[in-house]
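Single-letter residue listing:
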Amino acid sequence: MHAIALDDSRLLDTWDRAAMLDRPWRELALLESASGIPFDSLARLSIGERDRLLLAVRIGTFGKHLECETACPSCGTRLQLAFDAAQLIVPQRTVNASDLELTDDDWTVRFRLPDSNDLAACSANIVENGDAADILAERCMTVTSSQQSATNSVIPNRIRERVTERMSVLDPQADVSLSLHCAACSHEWQAPFDPAAFLLHEVDGYAARLTTEVHRLARAYGWSEASILEMSPVRRRRYLSLLLQ
């Protein structure tokens, strides 16, 4: 996988345009700007394929080194975490049409891997229309039975669980977890990692710092935003340090 970089100017432009968007459209706006892939095409990627691209953008823009913190669910101790983003990338898997069909007794289920359109539908409808699993089943599964006229709403739970497990196997990048250990109480657990939420948080923080730098330099020297953003971070920091002398 090749890293995909957002330079400072495009990052700010995209951050500005995406500020009013809900998830999952915000992360797709970042991907569109970084990769040049049309928005609609990105929306149809499986969640794992989308997340693989998001990790490429993160590595290209901010580097491989990740730092974050979490709390131990057992004792509440705060853990400082540092790891390599490249280690979170799962090898791509080829998915054939036969992989997207499952039979169980008299039931046959054909399904597709969830994409960003499905996540958006879940977010928009879950409060009014029930559980996300029901919404995903309705959108991603087509069920038939030799015994009766089947609908997705009556599919047995064991079959739904089998389909969900198959989806995880076919799109493993969509379900990445970190193995964590608390030195204070020796508790061990698996914590899900959401590349989209992590990257959006980092972009928000970086954009806030960057606009502050632009403001201070423009106010002091009268330079335009475009000329300031064309500078390397090292040069910008040097000029900022001079303002303190």
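Cut-offs applied
Residues numbered from 1 in each chain as written. Predicted model: local features only at pLDDT ≥ 70, side-chain atom pairs only at ≥ 80, totals over all residues. Heavy atoms only, no water. Core = buried A, V, L, I, M, F, W, Y, C linked by side-chain atoms within 4.5 Å. Buried < 20%, exposed > 50% of the residue type's maximum accessible area, 1.4 Å probe, protein only. Helix = DSSP H or I, 4+ residues; strand = E, 2+ residues; numbered from the N terminus. Contact = heavy atoms within 4.5 Å. Phe/Tyr/Trp six-rings, centres within 6.5 Å; stacked < 30°, edge-to-face > 60°. Salt bridge = Lys/Arg side-chain N within 4 Å of Asp/Glu carboxyl O.

### Looking at the nonpolar core
Core analysis: the biggest nonpolar cluster contains 26 residues, and Ile4, Leu6, Leu11, Leu30, Leu31, Val57 and Leu199 have the highest contact counts within it. Elements with a minimum of two residues in this core: α1 (8–18), α2 (25–35), α3 (39–43), α4 (47–62), α8 (195–221) and α9 (225–230). Among the elements that take part in this core, α8 stands out by supplying 9 residues, more than any other. If sequence neighbours within four positions are ignored, Ile4 has contacts with Ala34, Ser35, Leu53, Ala56, Val57, Gly60 and Thr61. If you look at the next biggest cluster of nonpolar residues, it comprises 17 residues, including Leu81, Ala85, Cys182 and Phe193.

### Focus on the packing of aromatic side chains
For the coordinates displayed, the defined rule picks out 7 aromatic pairs. Measuring from centroid to centroid gives 5.9 Å for Trp25 and Phe39, while their planes differ by 40°, and the two rings are tilted. Separated by 14 residues along the polypeptide, Trp25 in helix α2 and Phe39 in helix α3 bring together distant segments of the chain. Ring plane angle 45° and centroid distance 5.4 Å describe the contact between Phe193 and Phe198, whose orientation is recorded as tilted. By relative accessible area, Phe193 is classed as buried at 11%.

### Examining the pattern of salt bridges
For the structure on display, the rule yields 18 salt bridges. Across the salt bridge formed by Arg158 and Asp104, the nearest N and O atoms sit 2.9 Å from each other. With Arg158 in helix α7 (residues 157–170) and Asp104 in strand β3 (residues 101–104), the pair connects residues that are 54 residues apart, well separated along the chain. Linking Arg112 and Asp115 is a salt bridge whose minimum nitrogen-to-oxygen distance equals 3.8 Å.

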